[in-house]
Amino acid sequence: MSGPNALKVEKVAVLGAGVMGAQIAAHLVNADVETVLFDLPAKDGDPNSIVRRAIDGLGKLEPAPLARKSLAAHIQTANYDQHLEQLADCDLVIEAIAERMDLKRALYERIAPHFSDTAVFATNTSGLSIASLSAALPEQLRERFCGVHFFNPPRYMHLVELIPGPETREPLLDELEAFLTTTLGKGVIRALDTPNFIANRVGVFSILATFYHTERFGLGFDEVDALTGSLIGRPKSATYRTADVVGLDTLAHVINTMKETLPDDPWHRYYDEPSWLRDLIERGALGQKTRQGVYQKVGKEIQVLDRASGDYVTSGRGADEAVVAILKNKDPSQRFAQLRESGSPQAQFMWAVFRDMLHYCTCHLKDIAANARDLDLAIRWGFGWNQGPFEIWQSAGWQQMASWIAEDITAGKTMASEPLPTWATDTTRTGVHAEAGSYSPEYDRNQTRSRLPVYRRQAFPDRLISEPADYGTTVFETDAVRMWSTGDDIGVVSFKSKMHTVGPDVLDGIARAIEQAEQEFMGLVIWQTEPPFSIGANLQGGGGAKSESKPSVASAFKKFRRSVEAAVLKAARQLNVADAVMAGRLSKVEQIVAQFQATNLALRYSMVPTVAAVDGMALGGGCEIVMHCDKAVTSLESYIGLVEVGVGLIPGAGGCKEFALRAAGEAKGGDMFPFIRRYFENVATAQVGRSAEHSRELGFLRASDEVVMNRFELLYVAKQQLKAMYESGYRPPLRAVRIPVAGRGAIATLKMGMQNMLAGNYISDHDYLIGSKLAHVMCGGDIEQGSAVDEQWFLDLERDAFIELLSTEKSQARVEHMLKTGKPLRN
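My aim in this report is to walk through the structure given alongside it, one point at a time. (Residues numbered from 1 in each chain as written. Predicted model: local features only at pLDDT ≥ 70, side-chain atom pairs only at ≥ 80, totals over all residues. Heavy atoms only, no water.)

**Description of the overall build of the protein**
Regarding its fold elements, the protein presents 31 helices and 23 strands. The C-alpha radius of gyration of the protein comes to 28 Å, within 12% of the 28 Å expected for a compact globule of 827 residues. Here the C-alpha coordinates of the protein stretch approximately 80 × 65 × 60 Å along the principal axes. Out of the 827 residues belonging to the protein, those deemed buried represent 59%. Carbon together with sulfur atoms contributes 49% to the accessible area of the protein, which is approximately 32700 Å² in total. Of the side-chain charges in the protein, 88 are positive and 102 negative, and the distance between the mean point of each set is 3 Å. (Helix = DSSP H or I, 4+ residues; strand = E, 2+ residues; numbered from the N terminus. Rg over C-alpha atoms; globule rule 2.2 N^0.38 Å. Buried < 20%, exposed > 50% of the residue type's maximum accessible area, 1.4 Å probe, protein only. Areas by Shrake-Rupley, 256 points an atom, 1.4 Å probe, with all protein chains shown as cover. Lys, Arg positive; Asp, Glu negative; His and termini not counted. Charge placed at Lys NZ, Arg CZ, Asp CG, Glu CD.)

**Brief notes about the pattern of salt bridges**
If the charged atoms of two oppositely charged side chains come close together, the side chains can form a pair. One pass over the full model with this rule turns up 45 salt bridges. D488 is paired through a salt bridge with K719; the nearest N and O atoms lie 2.7 Å apart. Of the two residues, D488 sits in the loop between strand 16 (481–485) and strand 17 (491–495) while K719 sits in helix 27 (residues 714–727), which places them 231 residues apart along the sequence. Several salt bridges converge on common partners, so that one network encompasses R340, R355, D356, E407 and D408. (Salt bridge = Lys/Arg side-chain N within 4 Å of Asp/Glu carboxyl O.)

**So, the pairing of strand 15 (residues 473–477)**
Sheet topology places strand 15 next to strand 16; 4 bridges connect them, and they run antiparallel. By the bridge assignment, T474 is partnered in strand 16 with W484. (Pairing = 2+ DSSP bridges.)

**Section: the sheet that holds strand 10 (residues 301–305)**
With respect to topology, 3 strands assemble into an open sheet ordered 9-10-11, the strand pairing being antiparallel. Of all strands in the sheet, those with a lone pairing partner are strand 9 (295–298) and strand 11 (312–314), marking the two edges. When strand polarity is set aside, the average angle formed by the axes of neighbouring strands in this sheet is 40°. Sheet topology places strand 10 next to strand 11; 3 bridges connect them, and they run antiparallel. Note on strand 11: the bridge partner recorded for L305 is Y312. (Axes fitted to C-alpha atoms, helices over the stretch in contact; angles between N-to-C directions.)

**Section: the packing of aromatic side chains**
This structure, assessed with the given rule, holds 31 aromatic pairs. Residues Y108 and F145 carry aromatic rings whose centres are separated by 5.9 Å and whose planes lie at 65° to one another, so their mutual orientation is edge-to-face. Linking Y108 in helix 3 (residues 101–111) with F145 in strand 6 (residues 145–150), this pair joins segments that are 37 residues apart in sequence. Across the pair, exposure class does not vary: Y108 and F145 are buried alike. With 5.1 Å between their ring centres and 75° between their planes, F211 and W276 make a pair best called edge-to-face. Here W276 lies in helix 11 (residues 275–282) and F211 lies in helix 7 (residues 199–216), a separation of 65 residues in the sequence. This pair shows no difference in class: F211 is buried, exactly as W276 is. The structure contains a cluster of three or more aromatic residues connected by ring pairs, namely F390, W393, W398, W423 and Y439. Across from the ring centre of Y605, 4.2 Å away, lies the NZ or CZ of R735, which sits over that ring. (Phe/Tyr/Trp six-rings, centres within 6.5 Å; stacked < 30°, edge-to-face > 60°. Lys NZ or Arg CZ within 6 Å of the ring centre and 35° of its normal.)

Note that every value here comes from positions in space, so none of it alone points to a role or purpose.
Here it is, written out as structure tokens:
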């Protein structure tokens, strides 16, 4: 997509149906790339049974590798004995077999004769020498060979490291980078051909430093995990839980690669498995995959390994309150000063881990990465840190941190005695990241971001600490929204409310933006500068400005583990409906609902096209905004749904009406009930799509809506879609004035099903009431099937049902219970 000479990848072969190979294949079909998955032939029965089992296993993995389960059928099966001729039809071949040089070389000799003259061959090795692997290939293939290192799980982890071999053609790397970026949605970092490349080299050293200092300071594994997770902007799994998830044997393999290939490294003596890790591996306790590792679960109790005894004990040791207070200090310079000065073993531990990690990164930057930006982004995208190592250092004050690290090196407190490089101790240095670029030790200057054509699609790439958030020219701004433009005749409106909730002030802003767009622009895009898109309505009304949501960049890429309960909880936090009712503000809430309905109609019937650019959650009212725009353009990791039933309500801003309209259109004059039932069940059970494609299957997105693999290209694609509508002579749809309804017969049938569930104690009386109200609205009320009504008829039914449920004590209790406990209440 980056230009007429870009690499054309129509078909990909993945070699190796293990954990990574199967998931890489899954992500390729997520991107609509024809994919064939190879492995050894089975000894008995179906020769492709190894691959088939791997594909079947994709449906059982969490987080889900497939954007929708039905995509598994699109992964073709093959084995090395019978199907090597299929490689001739593949434009890209990705090898993902076991991390053994001998096995890889043997496979290369076998497959190389079957490649086409233009096929690109890539290895997914996590750290073996690309040059050594390249040497095993025929000379004519070496220029088309490189490393393409995905991170686990491939669907969710943004990072792919691209590593050239000695003879790899540079134009091929550029074309492959464009494919990985746009088609697969990845953040590509060019790594040097050094052991474990960038992210694993730094990330694994950080783990080893944590291992070393855990023992040095006499801390427990659970104690360290309480310190090294979300408290410091890293994944909740922290250090030892992450080791269990990765697999203790896998971690040991990566450590061993560093030990064998970096004999002259100043930190070489630390490249070894601790005795406790070796003992666990020897007894088969490999972590999550064997249900026993550093942690194990016995019944409902979580137990952790006691290093001294080798036995498991109840987990529960946490971080000291004083250390937690230090780590929560928002001033990085104060935070590190307090850690360094504190007498607490936990504080000293944290300072030592940070110090040694920064020392290591600084001394090795020139060896492993082109510049500081590549190292920081690799760690953020590959390990889920909120900030990269050099961002951490720079935010705390470069000179002060450099002085402290140098002092500790001189005092013999650091893991290695290697002095800091002269560029790091330059007294004029304030950091390694600047607006103009990031520092490269190789060239002793700052390097700008890549100028490859594919990055023109990213007007606002993932920012580093020094890069300004410059979102165009302001058209107007209120406490709730900002409308802006980049000079391309397209208006963009972004919400400023917390979690981008939608209250009266946001609705006023949207309405004003529509009016402004109709006067001055080709159209309007609703896009947030950070996810989520919106978690729904804020029915409190007023309340002034709220701070803009600042979720970590890593949160956009982490595994989709949100349950519907968690999604509903986030939405419920903004409702406060019980307070509203108790304060006698029910009429005010009704006004807000009516305003929300009117705003969504304005989006639908605007004289210019409207596009919702969705990334992350679009729940409740956020989903209803998406449903009313002319088009939705969504990132793959968009989780969309109408979740109001979870707190005892029904959608009130046009969501029910939209599903009734869609059901009528899909029925094409025939029986509407099968279509209404499908949508009713999705809303009644508060379904949330586990990807944009799953959201489409559930009906929250239309067949015509677009899914974008790279979230940083979302705004670009949204604008292109809007321009296409405008250039084609856009006119809003004619208002729906004769919508056939499913009527009282459909209501009775839906109620009958719920009565059976009520009799079986699957739902409560209040569940039945909510379901009955929902059925009444979606079926068009107590009128005959086929009766024709207009949109306002449905909207009035929605609003009335919403307020009636809001008035009940049991719905109010559900909201309160969700807020207090995070769990749904069945009452």
